Amino acid sequence: MLERFRHFWTNVWAPLADLLLRLGVKPDHVTIVSTIGVSAGALWFFPRGQFLAGVLVITAFVFGDIMDGYMARKSGQSSAWGAFLDSTLDRFGDAAVFGGLVLYYAQSDAKTDLGSPTLYLCLSLGCLVLGNVTSYARARAESLGMTAKGGIAERADRLVAILVMTGFNGIFDLPVLTEITLWALIAASSLTIIQRMLMVHRQAVGKPTPPGIGTPPGAE
């Protein structure tokens, strides 16, 4: 849903991206630095309960995910490698965000409003796992010549939701904001996976199975 705002933010950051290109910075460099920044911000600040600082650092580097694509297109450096690198490192960034929350809730003195820290440790871990499954479902479908994009909770939706509400948690000291968001993301991610599976099922019915796909010989 939030992908519609990508064009707006691309225009906002285009001047900086153009400057980086003139300085000789490559899109892959921005991708790597952005991932390091997001991961460091999440894994350093979130486990300490410094949510606002963490969200601000993460947000600053998340925009690199917009700039690298723009830079690649503008400079004619778009490539299969760049797309692969971007998608792969996105998984590291996403895992760091929810991993930081896992580490926070692993502490016995973690503050919660609705239940025990252990419950929200499990929910944070669940969001991490389901987010990766959501992305895998799309990638696997595309590798088979089908599409599985969409659903109620794409990557941008999940990331914005947890960062915004965790940031407000940091400002107002209201753990319930992060907790409700984790519950919502568990439900939304699960539904998105089901939606993508149904998309693939509709496309796959009656479609010949590509060579090498399916049950290996001798397996049941």
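Conventions adopted
- Residues numbered from 1 in each chain as written.
- Predicted model: local features only at pLDDT ≥ 70, side-chain atom pairs only at ≥ 80, totals over all residues.
- Heavy atoms only, no water.
- Helix = DSSP H or I, 4+ residues; strand = E, 2+ residues; numbered from the N terminus.
- Buried < 20%, exposed > 50% of the residue type's maximum accessible area, 1.4 Å probe, protein only.
- Contact = heavy atoms within 4.5 Å.
- Areas by Shrake-Rupley, 256 points an atom, 1.4 Å probe, with all protein chains shown as cover.
- Lys, Arg positive; Asp, Glu negative; His and termini not counted.
- Charge placed at Lys NZ, Arg CZ, Asp CG, Glu CD.
- Phe/Tyr/Trp six-rings, centres within 6.5 Å; stacked < 30°, edge-to-face > 60°.
- Expected span 1.5 Å × (residues − 1).
- Patch = residues over 30% accessible without salt bridge, like charges linked within 9 Å, V, L, I, M, F, W, Y side chains within 5 Å.
- Salt bridge = Lys/Arg side-chain N within 4 Å of Asp/Glu carboxyl O.
- 1 Å grid on protein atoms, 1.4 Å probe; cavity = no way out; pocket = protein on both sides within 12 Å on 5 of 7 lines; lining within 4 Å.
- Points joined across faces, edges and corners; volume = space filled by probe spheres on them.

> Please explain the overall build of the chain as it appears in this structure.
Looking only at helices and strands, the chain has 8 helices and 0 strands in total. Reading the secondary structure of the chain in the N-to-C direction produces α-α-α-α-α-α-α-α. Projected onto its principal axes, the C-alpha positions of the chain cover 55 × 50 × 30 Å. Scored against the burial criterion, the 220 residues of the chain give a buried share of 40%. Counting contacts in the chain only where the partners sit at least 6 residues apart, residues at least 24 apart contribute 78% of the total. When the accessible surface of the chain is split by element, carbon and sulfur atoms take 69% of a total near 12000 Å². Side-chain charges in the chain split into 17 positive and 16 negative, and the spacing between the mean points of these groups amounts to 7 Å.

> Just to check I follow, could you spell out the packing of aromatic side chains for this structure?
Each pair of aromatic rings is reported with the distance of its centres and the angle of its planes. Inspection of every chain in the model, using the stated rule, returns 7 aromatic pairs. Between Trp81 and Phe84, the ring centres sit 5.9 Å apart and the planes meet at 35°, which makes this aromatic pair tilted. On the criterion of helical spacing, the pair formed by Trp81 and Phe84 is a turn pair, its members being 3 residues apart in helix H5 (residues 80–105). Plain terms: the ring middles of Phe168 and Phe172 are 6.1 Å apart, the flat faces sit at 25° to each other, and that makes the pair stacked. With Phe168 and Phe172 both in helix H7 (residues 155–172), this residue pair falls 4 residues apart, about one helical turn. Its relative accessible area of 37% is what places Phe168 among the partly exposed residues.

> Help me understand helix H3 (residues 51–62) in this model?
Residues lying three or four places apart along an α-helix face the same way, a consequence of the helix completing one turn every 3.6 residues. Taking 1.5 Å per residue as the helical rise, H3 with its 12 residues ought to reach 16 Å, and the 16 Å between its terminal C-alpha atoms agrees with that figure. Summarising the contacts, the buried residues of H3 are in contact with helix H2 (27–45), H5 and H7.

> What is the right way to read a nonpolar patch on the surface from this model?
Together, Leu52, Leu56, Val160, Val164, Phe168, Ile171, Phe172 and Leu174 line one region of the surface with nonpolar side chains, adding up to about 690 Å² of accessible area. Of all the secondary structure elements, the ones that give two or more residues to the nonpolar patch are H3 and H7. At 5 residues, the largest contribution of residues to the nonpolar patch is made by H7. Here Phe172 falls in the exposed class, since its relative accessible area comes to 52%.

> Could you clarify how one ought to interpret unusual backbone geometry in this entry?
Leaving glycine out, the prevailing phi sign among residues is negative, and the prevailing peptide bond configuration is trans. Look at Asp173: it is not a glycine, yet its phi comes out positive at around 55°. As for its position among the elements, Asp173 is in the loop between H7 and helix H8 (175–204). Taking relative accessible area as the criterion, Asp173 reaches 46% and is therefore assigned partly exposed.

> Please clarify how empty space enclosed by the protein should be interpreted in this entry.
To find the voids left in a structure, one rolls a probe of water-molecule size over its atoms. A complete count under the given rule lists 2 cavities of 30 Å³ or more for this structure. Estimates place the volume of the largest cavity at around 150 Å³. Along its surface, the largest cavity is lined by 16 residues, and Thr35, Val38, Asp65, Asp90 and Arg155 are the ones closest to its centre. Among the secondary structure elements, those contributing two or more residues to the lining of the largest cavity are H2, H3, helix H4 (64–75), H5 and H7.

> Quick question: what am I supposed to make of the pattern of salt bridges here?
Taken as a whole and judged by the stated rule, the model has 8 salt bridges. Residue Lys111 pairs with Asp173 through a salt bridge whose shortest N-O separation is 2.7 Å. Here Asp173 lies in the loop between H7 and H8 and Lys111 lies in the loop between H5 and helix H6 (117–143), a separation of 62 residues in the sequence. One connected set of salt bridges, linked through shared partners, spans Asp65, Asp90, Arg91, Asp94 and Arg155.

> Is there a simple way to think about the side chain of Ser34 in this case?
Along the chain, Ser34 falls in helix H2. Residue classification places Ser34 among the buried residues on the basis of a relative accessible area of 10%. Apart from residues no more than four positions distant in its own chain, Ser34 is found in contact with Phe61, Gly64 and Asp65.

Any functional reading would require information that these geometric values do not contain.
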